[in-house]
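Below are the chains, spelled out letter by letter.
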Amino acid sequence: MKASNQFWRERLLEEMPADLAREIDIYEMELELRRLGKIDEKVLAETRLRRGVYGQRYDNGQRWDGEATRQLQYPSAALTKGPSTLWDAPGMQRIKIPFGGLNVRQLEVLADLAEEYSDGIAHVTTRQDFQLHFIHIDDTPSLMRRLAASGITTREACGNTVRNVTACPYSGVCPDEVFDVTPYARACARFLLGHPDCQDFGRKFKAAFSGCKSHGCGLVNLHDLGAIAVTRTGNGKEQRGFEFYVGGGLGSVPHQAKLFDPFLPEEELLPTAQAISRVFARLGEKKNRNRARLKFLVSDLGVEEFRKIVLQERATLAHDSRWTAFLKDLAAHAETALKPAAALPPAFRGAASPPGFDRWLKTNVFSQKQPGYAVATVTLPLGDITSVQLRKLADIARRFVKDTIRTTVEQNIVLRWVSEGDLPELYGALASIGLGQPGAGTIVDITACPGTDTCKLGIASSRGLAAELRTRLAEQSHQMDQAVQNMHIKVSGCFNACGQHHIADLGFYGVSRHVASYTVPHFQVVLGGRWTDNAGSYGLAMGAVPSKRIPEAVLRITGRYVADRRKDESFQDFLQRLGKAEIKKLLQDLVSVPSHDVDPSFYADWGDTRVFTLGDLGAGECAGEVVSRVEFELTAAERQVFESQVLLDEGEFQKAGETACASMVQAAGALVKIFLPDIAGDADKILGEFRTRFYDTELFFDPYAGGKFAQYLFRAQQRAAGPYSAEVAHRRIEEAQLFVEAAYSCYGRLQAKRMLPLDSGSAPATAASPETA
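For every chain, the first residue of the written sequence is number 1, and numbering continues from 1 along that sequence. For this predicted model, a pLDDT threshold of at least 70 governs which residues receive local features, and a threshold of 80 or more governs which side-chain atom pairs are given and counted, while totals over whole chains, interfaces and linings are taken from all residues. Heavy atoms from the whole structure form the basis of all side-chain values; hydrogens and water molecules are not counted.

Trainee: I keep staring at the layout of surface pockets and nothing clicks. Help me out?
Mentor: Over the atoms rolls a probe the size of a water molecule, and in doing so it shows where empty space is left. Lining residues are those with an atom within 4 Å of a point, where the points come from a 1 Å grid over the protein atoms alone and group into cavities, where a 1.4 Å probe fits but cannot get out, or pockets, open sets with protein on both sides within 12 Å along at least five of seven lines. Grid points are joined across faces, edges and corners, and a volume is the space filled by probe spheres set on the points. The volume enclosed by the second largest pocket comes to roughly 1100 Å³. In terms of lining residues, the second largest pocket is bounded by 43 residues, among which Pro98, Phe99, Arg186, Arg190 and His333 are the most central. Of all elements in the fold, only α2 (18-35), β7 (101-102), α6 (182-192), β18 (405-407) and β19 (413-419) reach the threshold of two or more residues within the lining of the second largest pocket. Secondary structure elements follow DSSP: runs of H or I no shorter than four residues count as helices, runs of E no shorter than two count as strands, and numbering proceeds from the N terminus. The element that contributes the greatest number of residues to the lining of the second largest pocket is α6, accounting for five residues. Each residue gets one of three labels, nonpolar for Ala, Val, Leu, Ile, Met, Phe, Trp, Tyr, Cys and Pro, charged for Asp, Glu, Lys and Arg, and polar for the others, Gly among them. Split into classes, the residues belonging to the lining of the second largest pocket amount to 18 nonpolar, eleven polar and 14 charged.

In structure tokens, the structure reads:
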């Protein structure tokens, strides 16, 4: 046990809630038992995940240096904290911040932890959490104790649990809200934390609250459980409740949440959440993690049947006083201002204002419904804030507000209840510590997941691309057309959508393409998502573009929008009118990749000088014809996916779904023909051979997603004839795009491992057949 752990335990014992203190003691004991070999690595992995302790990239002790994969040497050698996860390898600590609410003391504690245990940077996530990277597992008990003493827990920040409950950061001060959802989000987070009925999920469970329907601050539609504030009048009295949604989620194939109840009374919020948790634990998938989210259960049962089962479960629950106790004093946590309301002095408007103030005022200040007060957004590029800035921000907050600080799903921090008369002074204080950047909520305020910087699942550098886009766009943002300034860009490092690319006007997620003997970083371009209306609609992938050409793609798309849009035409309506074929044409010349000799920059990712490949990549010297044919057929499959998108736009839902299914068969056939070049085009035969040669042998399996994408193919063929509604066709297109991407990746792996046949009809030279693969 690390000596400092005992120091902090003794020092903070009286300041921590007793239950949290005991839980951290147990966790520390489990760490020690693992060191002694008395706990299985898989058990410890689940234990630490449920306390927010994640693995991080390279924690298997290997790292590609641009020429070869090198072994990383750690003091504890072979000791592991999970499968293929070395004990001394740096990890990540996620810290739950329910509804994003923070006080000044907590900011200071987070600053201390980032400085002492991490790399001096605290990261705000798209779920209003904080994350600290490069944490040693031996430090996590002390870190947890110091957080617990300040009123923060890491419990259930990860794992198959109820994750951080999010809420609109403007709740309580937004002029458009129906009522303040803060106390409801707080109550939900406390009630579900550690609840016995929430301990046996097959996957994670996410909840969100919003005070209105029109804005995007709560993103209710992409959550397992979502609640939008509504009221109704009965017997002459106004009653509060929620427009209640279930079964939303992003991930590789996003699902829009389904309306469970147009008016769920406030007193039914917690018992209904409990009943849903029990149904999810009982009926949700447990073996196949790829279909274990609530969205799949709701989709499979249908929302009507799901509602029926939940209401039956609700009727069996024993009464719990916590369901309604919080309703007796909703104002108990009501916020108040530090200073009296005051108007912004006229001297601080226009030419007389401090340099940069007007732009910051325009984009970063939100007038509250309480006259004379405003919310000021502290823009955090990439969601990062240094420990020094965090500590100084706490000092600034003390000067201007009480404990009215929140994180946002846009990866920023807001200070609420700022007297408008203090805005110039506040801006000066923020600017002096590097936190006065304008552009909050605009096209330069780009959301990005960690990507290849630290995430083990990252394919391409989402943060690198986001930083490059921000730099280029910021240079001209104040000259941009207002319609472009108001757009949203979101970037994910892979298909898992942690960067929420589906709900952006311009979304991107990392993929790769095989070019000659290299793997080249690309991003799929996802257009037309709607951030407003609580994530009102999801965009669709338009095709992959080399990573280094994404900035040019952004400029082309936004330029075309400015040039050709009609008066007051939204970007989504513009895309619908222009049509996907024209958009595809707009980007077509950006798809090609110059040879490595001509421009080697295409073969490295943003912010990374290493060659984007594995050391043993390369095709067999006689495999040229096979490569050409496979790539040709995979391109044809990708074209079919695009055609299905066009059909979807035209309202031909049945044809769109059927074409998407056909594209998957086309891609599967491309792979099968590597070994059986003369196989007929019969779908059943292709699927049979694909299952035998690629699924049963796990050749098609993604390193992290396993056979998930192949299951999309099998399930689609079972339902190939439909019928297809707009939603089902949309989902099938998403699945088809991911399957084609997986086929490209599989083909690249076969090339890299030299598993391709010497000609189109022979068996592979090594590991060729299902029996030996």
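There's more to say after this.
Trainee: Would you take a moment to explain the nonpolar core for this structure?
Mentor: Nonpolar side chains in soluble globular proteins generally cluster together in the buried interior. Within the largest apolar cluster, 63 residues are counted, with the highest numbers of intra-cluster contacts made by Phe130, Trp360, Leu393, Leu423 and Leu426. Sort the elements by how many residues they give to this core and helix α4 (residues 104-117) lands first, with eight residues. Annotation comment: domain bounds sourced from an automatic or database domain assignment. Mapping this core onto the domain boundaries places at least three of its residues in each of domain 1 (5-148) and domain 3 (346-432). Contacts: residue pairs with any heavy atoms within 4.5 Å of one another. The contact partners of leucine 426, leaving out residues within four places of it in the chain, are Trp360, Ala376, Ile396, Phe400, Leu415 and Val418. As used here, the term nonpolar core means buried Ala, Val, Leu, Ile, Met, Phe, Trp, Tyr and Cys residues forming a set that is joined through side-chain atoms within 4.5 Å. Classification of residues uses two cut-offs on accessible area relative to the type maximum, computed with a 1.4 Å probe and protein chains only: under 20% is buried, over 50% is exposed, and between them is partly exposed. If you look at the next biggest cluster of nonpolar residues, it comprises 56 residues, including Ile679, Phe701, Phe714 and Ala716.

Trainee: Which parts of the structure should I look at to understand the sheet that holds strand β21 (residues 489-492)?
Mentor: The strand order across the open sheet formed by five strands is β20-β21-β22-β23-β24, and the pairing between neighbours is mixed. Two strands in the sheet have a free side with no partner beyond their single neighbour: β20 (447-448) and β24 (540-546). Sheet strands touched by helix α17 (residues 550-564): β21, β22 (506-515), β23 (518-527) and β24. Its angle to β22, the strand with the most contacts, is close to 135°. Paired strands, in this sense, are two strands between which DSSP finds at least two bridges. Helix axes are fitted to C-alpha atoms over the stretch in contact, other axes to C-alpha atoms as well, and angles between N-to-C directions run from 0 to 180 degrees.

Trainee: I'm lost on the pattern of salt bridges in this one. Help?
Mentor: When the charged atoms of two side chains with opposite charge come close together, those side chains can pair. A pair is scored as a salt bridge if a Lys or Arg side-chain nitrogen falls within 4 Å of a carboxyl oxygen belonging to Asp or Glu. Counted according to the given criterion, the structure contains 50 salt bridges. Notably, a salt bridge pairs arginine 416 with glutamate 335, separated by 2.9 Å at the nearest N-O pair. Note that arginine 416 is positioned in strand β19 and glutamate 335 in the loop between α10 (322-325) and α11 (357-364), a separation of 81 residues in sequence. When salt bridges that share partners are traced, they join Arg9, Asp25, Glu28 and Arg145 into one network.

Trainee: Is there a simple way to think about the packing of aromatic side chains in this case?
Mentor: Given two aromatic rings, one states the distance between the centres and the angle between the planes to describe the pair. Pairs were defined over the aromatic rings of Phe, Tyr and Trp, the Trp ring being its six-membered one, requiring ring centres within 6.5 Å. Orientation was assigned from the angle between planes: stacked under 30 degrees, edge-to-face over 60, tilted for the rest. Under the defined criterion, the tally for this structure stands at 30 aromatic pairs. Note on phenylalanine 179 and tyrosine 184: the rings are 5.5 Å apart at their centroids and 55° apart in plane angle, and the pair reads as tilted. Judged by relative accessible area, which is 0%, tyrosine 184 ranks as buried. Consider the rings of phenylalanine 260 and phenylalanine 306, whose centres lie 6.4 Å apart with planes at 80°: the pair is edge-to-face. A residue pair is termed long-range when its members are at least 10 positions apart, and phenylalanine 260 in strand β14 (residues 258-265) and phenylalanine 306 in helix α9 (residues 303-316) qualify at 46 residues.

Trainee: Could you clarify how one ought to interpret empty space enclosed by the protein in this entry?
Mentor: Throughout the structure, instances matching the rule amount to seven cavities of 30 Å³ or more. As for the largest cavity, its lining consists of Leu20, Glu23, Ile24, Arg51, Met144, Ala148, Ile152, Thr153, Thr154 and Arg155. Secondary-structure elements contributing two or more residues to the lining of the largest cavity are α2 and α5 (140-149). Considered as a void within the structure, the second largest cavity measures approximately 50 Å³ in volume. Taken together, Lys96, Pro98, Val162, Arg163, Asn164, Val165, Cys188, Ala189, Leu192 and Leu193 make up the full set of residues lining the second largest cavity. Considered class by class, the residues forming the lining of the second largest cavity number seven nonpolar, one polar and two charged.

Trainee: Any chance you could explain the state of the cysteines here in plain terms?
Mentor: Linking two cysteines covalently through their sulfur atoms gives a disulfide. Note on terminology: pairs of cysteine sulfur atoms within 2.5 Å are recorded as disulfides. In this structure the tally under the stated criterion is zero disulfides. No disulfide involves cysteine 198; its sulfur sits 8.8 Å from the nearest other cysteine sulfur, which is in cysteine 188. The thiol sulfur of cysteine 494 is not disulfide-bonded, and the nearest other cysteine sulfur, from cysteine 455, lies at 6.1 Å.

Trainee: Help me understand the domain arrangement of the protein in this model?
Mentor: Quoted interface sizes are often the accessible area lost when the parts come together. Along its sequence, the protein is carved into domain 1 (5-148), domain 2 (174-333), domain 3 (346-432), domain 4 (447-603) and domain 5 (629-752). Taken together, the 22 residues of domain 1 in the interface contact 24 residues of domain 3. Of the roughly 2000 Å² buried between domain 1 and domain 3, counting both surfaces, carbon and sulfur atoms make up 58%. By convention, the term buried area covers the 1.4 Å-probe accessible surface removed from two parts as they join, with the contributions of both added. When the area that domain 1 buries against domain 3 is broken down by residue, the three leading residues are Val104, Leu107 and Val124, summing to 28%. Linking domain 1 to domain 3 there are three salt bridges. As a salt-bridge pair, arginine 398 and glutamate 108 come within 2.7 Å of each other at their nearest N and O atoms. We define a polar contact as two N or O atoms separated by no more than 3.5 Å, with the added condition that, inside protein, one atom must be a possible hydrogen donor and the other a possible acceptor, whereas residues neighbouring each other in sequence contribute only through side-chain atom pairs. Taken together, domain 1 and domain 3 are joined by 13 residue pairs in polar contact (both at pLDDT 80 or more). Contributing elements (two or more residues each) for the side of domain 1 that touches domain 3: β7, α4 and β8 (121-124). Per element, the largest residue contribution to the side of domain 1 that touches domain 3 is eight residues, and it comes from α4. Here the side of domain 1 that touches domain 3 is composed, by residue class, of eleven nonpolar, eight polar and three charged.

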